[in-house]
Amino acid sequence: MTILPYALLICLGAVTISMLLCLIRLVMGPSIVDRLLALDTLFLNATCLVVILGIYWSSTFMFEGALLVAMLGFVSTAALARYFTTGHVID
């Protein structure tokens with residue numbers, strides 16, 4: 001009997017709790033910077049969640065999904081940060 005499924009379930013619970021805390025910060029953040037950081041952390045947690053589920057289900061397609069979530073998270077965070085600092089995204 002291996003310990004990997006139990007460890008993955010513990011990781012799944014920890015990442016889920018972390019996502020809930022980031023969602024609370026996203027909704028109740030006192031400033032726009034706090035909300036932007038919560039959104040970026042939420043994307044990072046979503047990527048981790050997809051990777052954990054990919055390992056748990058032994059599916060290689062989940063890793064491609066994690067890569068897509070990570071790329072979309074980076075681009076959206078960079079675009080929002082530029083919009084909030086300069087007022088426009090494209091020069």
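Remember, predicted model here, so these are calculated numbers, not experimental data.

(A) Looking closely at the overall build of the protein. When helices and strands are counted, the protein shows three helices and zero strands. Start at the N end of the protein and walk to the C end: the helices and strands fall as α-α-α. Against the 2.2 N^0.38 benchmark of 12 Å for 91 residues, the protein shows a C-alpha radius of gyration of 16 Å, more extended than a compact globule. Expressed along its principal axes, the backbone C-alpha trace of the protein runs to roughly 55 × 25 × 10 Å. Taking all 91 residues of the protein together, 20% fall into the buried category.

(B) Quick peek at helix H1 (residues 4-28). With 25 residues, H1 should cover 36 Å at 1.5 Å per step; its first-to-last C-alpha distance of 36 Å lies within 8% of that length. Buried within H1 are the following residues: Leu 8, Val 15 and Cys 22. Against the buried residues of H1 lie helix H2 (32-57).

(C) Summary view of the packing of H1 against H2. Put simply, H1 and H2 touch, their axes get as near as 9 Å, and they point 160° apart. Between H1 and H2, the crossing angle belongs to the class labelled roughly antiparallel. Judged by the twist between their axes, the crossing of H1 over H2 is left-handed. Considered class by class, the residues forming the contact of H1 with H2 number 22 nonpolar, four polar and three charged.

(D) Representation of helix H3 (residues 61-86) within the structure. Given a rise of 1.5 Å per residue, 26 residues ought to cover 38 Å, and the 38 Å separating the end C-alpha atoms of H3 matches this to within 8%. When we look at burial in H3, the residues that qualify are Ala 66, Gly 73 and Thr 77. Residues of H3 that are buried make contact with H2. Of the residues trailing H3, Gly 87 is marked for its positive phi of about 95°.

(E) Inspection of the UniProt feature "transmembrane region" (unreviewed entry) in the protein at higher detail. The sites that UniProt annotates as "transmembrane region" (unreviewed entry) are residues 6-24, 36-59 and 65-85. Secondary structure content for residues 65-85 is 100% helix and 0% strand, while the C-alpha to C-alpha distance between its ends is 30 Å.

(F) Structural detail: the packing of H2 against H3. Remark: H2 packs on H3, axes separated minimally by 8 Å, with the N-to-C direction vectors making an angle of 175°. By the angle between their directions, the pair H2 and H3 is classed as roughly antiparallel. Looking at side-chain class alone, the contact of H2 with H3 contains 18 nonpolar, six polar and one charged residues.

Conventions and cut-offs
- Residues numbered from 1 in each chain as written.
- Predicted model: local features only at pLDDT ≥ 70, side-chain atom pairs only at ≥ 80, totals over all residues.
- Heavy atoms only, no water.
- Helix = DSSP H or I, 4+ residues; strand = E, 2+ residues; numbered from the N terminus.
- Rg over C-alpha atoms; globule rule 2.2 N^0.38 Å.
- Buried < 20%, exposed > 50% of the residue type's maximum accessible area, 1.4 Å probe, protein only.
- Expected span 1.5 Å × (residues − 1).
- Contact = heavy atoms within 4.5 Å.
- Axes fitted to C-alpha atoms, helices over the stretch in contact; angles between N-to-C directions.
- Parallel < 35°, antiparallel > 145°, perpendicular 65-115°, else oblique.
- Left-handed = near helix turned anticlockwise from the far one by under 90°.
- Nonpolar A, V, L, I, M, F, W, Y, C, P; charged D, E, K, R; others polar.
- UniProt positions renumbered as here; feature names shortened; annotations may be inferred.

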